[in-house]
Amino acid sequence: MLWLIIFRAIGLEFRSQFNYQMWKDIWDKSFGVSSLLLALFFGIALGNVVRGVNLGGVEQGISTYEAHFFFLPLWNSSFSPLAENPGVIDWFTIIIGLISVVTLAIHGANWIIIKTHSSINGKLKKVIFKLNCVLLVLTIVSVICWQIVNPDALNNFVETPYLLIFPLLYITGLTGLFFIHKFKKDSYGFVCSTLLIVGGISSSLASLFPVLLPSVNDVNEPLSIYNTAASDYGLSVALGWGIIGFILLFVYMIVQKRIMGGKIDHMDYGH
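Residues numbered from 1 in each chain as written. Predicted model: local features only at pLDDT ≥ 70, side-chain atom pairs only at ≥ 80, totals over all residues. Heavy atoms only, no water.

Next up on the list: the nonpolar core. Phe92, Ile128, Leu135 and Leu177 are the most contacted members of the largest nonpolar core, which has 24 residues in total. At the level of secondary structure, the elements contributing two or more residues to this core comprise α1 (2–51), α2 (91–115), α3 (121–149), α5 (165–176) and α6 (186–208). Examining the composition of this core, we find that eight residues originate from one element, α2, more than from any other. Residues within four places of Ile128 in sequence aside, it is in contact with Ile106, Ala109, Asn110, Ile113, Leu177 and Ile180. (Core = buried A, V, L, I, M, F, W, Y, C linked by side-chain atoms within 4.5 Å. Buried < 20%, exposed > 50% of the residue type's maximum accessible area, 1.4 Å probe, protein only. Helix = DSSP H or I, 4+ residues; strand = E, 2+ residues; numbered from the N terminus. Contact = heavy atoms within 4.5 Å.)

If you want it as structure tokens, here you go:
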């Protein structure tokens with residue numbers, strides 16, 4: 001009887017451990033896939049902003065509903081950003097989405113390197129180098145495709161040369177990551193991948209300024225900082241609360257730096 005109780009206890013423990021491992025694997029994979037899709041659709045969203053949307057739902061030169069109100073299909077049958085009614089997903093926005101995935105993968109790998117003494121850090125640097133090569137190719141392809149989608153995409157940088165600081169940030173980060181193996185401090189790689197993100201997003205927005213959301217039709221004008229601006233009172237209130245928000249954000253970053261500073265290898269799970 002005693003042996004039966006012991007065997008049952010062992011069986012329950014084994015089953016419990018098996019179920020735990022099974023659910024852990026399921027949730028780990030689910031978290032990985034969801035993170036991948038989030039990075040992909042973040043890039044696709046940026047691609048839609050850069051490409052523009054069919055404001056007012058114009059079809060054959062006639063606005064089918066109120067201007068500046070838009071609803072896009074997930075994709076168009078032509079899968080082309082040059083279609084009269086482009087969808088959220090097309091070959092151009094997919095390219096921007098892939099750039100987002102690769103960039104955030106590089107940034108995440110650099111975060112692991114800077115925060116741990118993990119044995120895989122050396123392998124991660126090799127992965128970063130390979131991903132950076134892929135990112136270079138995707139960047140060149142995206143610039144060429146950008147000229148096809150919007151031939152005037154680089155006009156702002158020609159007319160206002162100081163805006164070139166933003167593409168230079170991106171190029172600096174991209175170039176620096178090719179020397180990831182030679183960095184004496186792990187933080188250098190993280191700085192380079194941060195420059196990739198900041199430079200990439202700011203370059204996209206600088207190319208559009210003062211436009212916020214381009215229109216792919218000629219009937220309705222694009223949304224800009226002028227025709228979408230709030231009243232003077234609303235802007236003044238937003239400025240005041242914005243300053244307070246930035247102060248709180250700065251304090252939060254200082255607190256986080258003090259709590260999470262240094263490597264986290266020996267920290268308890270959940271901290």
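Bringing a nonpolar patch on the surface into the picture now. A surface patch of nonpolar side chains, about 560 Å² in accessible area, is lined by Leu239, Ile243, Ile247, Val251, Val255 and Ile259. Its place among the elements puts Ile259 in helix α7 (residues 232–260). Owing to a relative accessible area of 54%, Ile259 belongs among the exposed residues under this scheme. (Patch = residues over 30% accessible without salt bridge, like charges linked within 9 Å, V, L, I, M, F, W, Y side chains within 5 Å. Areas by Shrake-Rupley, 256 points an atom, 1.4 Å probe, with all protein chains shown as cover. Salt bridge = Lys/Arg side-chain N within 4 Å of Asp/Glu carboxyl O.)

Right, let's get into the environment of Thr116. With respect to the helices and strands, the residue Thr116 is situated in the loop between α2 and α3. A distance of 2.7 Å separates the side chain of Thr116 from the backbone oxygen of Ile112, its partner in a polar contact. (Polar contact = N/O pair within 3.5 Å; in protein donor to acceptor, adjacent residues only side chain to side chain.)

Moving on to the packing of aromatic side chains. Within this structure, the stated rule accounts for three aromatic pairs. Consider the rings of Phe183 and Tyr188, whose centres lie 5.9 Å apart with planes at 90°: the pair is edge-to-face. Judged by relative accessible area, which is 40%, Tyr188 ranks as partly exposed. (Phe/Tyr/Trp six-rings, centres within 6.5 Å; stacked < 30°, edge-to-face > 60°.)

The next thing to look at is the side chain of Ser80. Structurally, Ser80 is set in the loop between β2 (62–63) and α2. According to the relative accessible area criterion, Ser80 is buried, its value standing at 16%. Looking at Ser80, its side chain comes within polar contact range of the main-chain nitrogen of Leu82, at 3.1 Å. Setting aside residues up to four positions removed in sequence, Ser80 forms contacts with Pro86, Asp90 and Trp91.

Another point: α3. With 29 residues, α3 extends 40 Å from end C-alpha to end C-alpha; this agrees with the ideal 42 Å at 1.5 Å per step. Within α3, the full set of buried residues consists of Asn121, Leu124, Lys125, Ile128, Asn132, Leu135, Leu138, Thr139, Ser142, Cys145, Trp146 and Val149. (Expected span 1.5 Å × (residues − 1).)

As a further point, take unusual backbone geometry. In the segment running from Phe209 into Pro210, the intervening peptide bond is cis, with an omega of 5°. Secondary-structure assignment places Pro210 in the loop between α6 and β3 (211–213). Positive phi, normally seen in glycine, also occurs at Phe79, with a value near 55°. With respect to the helices, strands and loops of the structure, Phe79 is situated in the loop between β2 and α2. What makes Phe79 partly exposed here is its relative accessible area of 34%.

Mean pLDDT over the protein chain stands at 84; residues scoring 70 or higher make up 86%. Put simply, strand β1 (residues 58–59) is where the protein chain has its lowest mean pLDDT, 69, and α5 is where it has its highest, 95. (pLDDT = per-residue confidence, 0-100.)

Within the secondary structure layout, Asn76 lies in the loop between β2 and α2. A polar atom in the side chain of Asn76 sits 2.7 Å from the side chain of Ser78.

Its place among the elements puts Thr93 in helix α2. Exposure remark for Thr93: the relative accessible area of 0% places this residue in the buried category. Distance in space between the C-alpha atoms of Thr93 and Asn48 is 6.4 Å, their sequence separation being 45 residues. When residues no more than four places from it in sequence are discounted, the contact partners of Thr93 are Gly43, Ile44, Gly47, Asn48, Arg51 and Val88. Within the structure, Thr93 has its side chain in polar contact with the backbone oxygen of Val88 (distance 3.2 Å).

As a further point, take the packing of α5 against α6. Two numbers describe how α5 lies on α6: the axes approach to 7 Å, and their chain directions differ by 150°. Between α5 and α6, the interaxial angle falls into the category roughly antiparallel. As for how α5 packs across α6, the hand of that crossing is left-handed. In this structure, α5 uses Phe166, Pro167, Leu169, Tyr170, Thr172, Gly173, Leu174 and Gly176 to contact α6, whose residues at the interface are Cys192, Leu195, Leu196, Val198, Gly199, Gly200, Ser202, Ser203 and Ala206. (Axes fitted to C-alpha atoms, helices over the stretch in contact; angles between N-to-C directions. Parallel < 35°, antiparallel > 145°, perpendicular 65-115°, else oblique. Left-handed = near helix turned anticlockwise from the far one by under 90°.)

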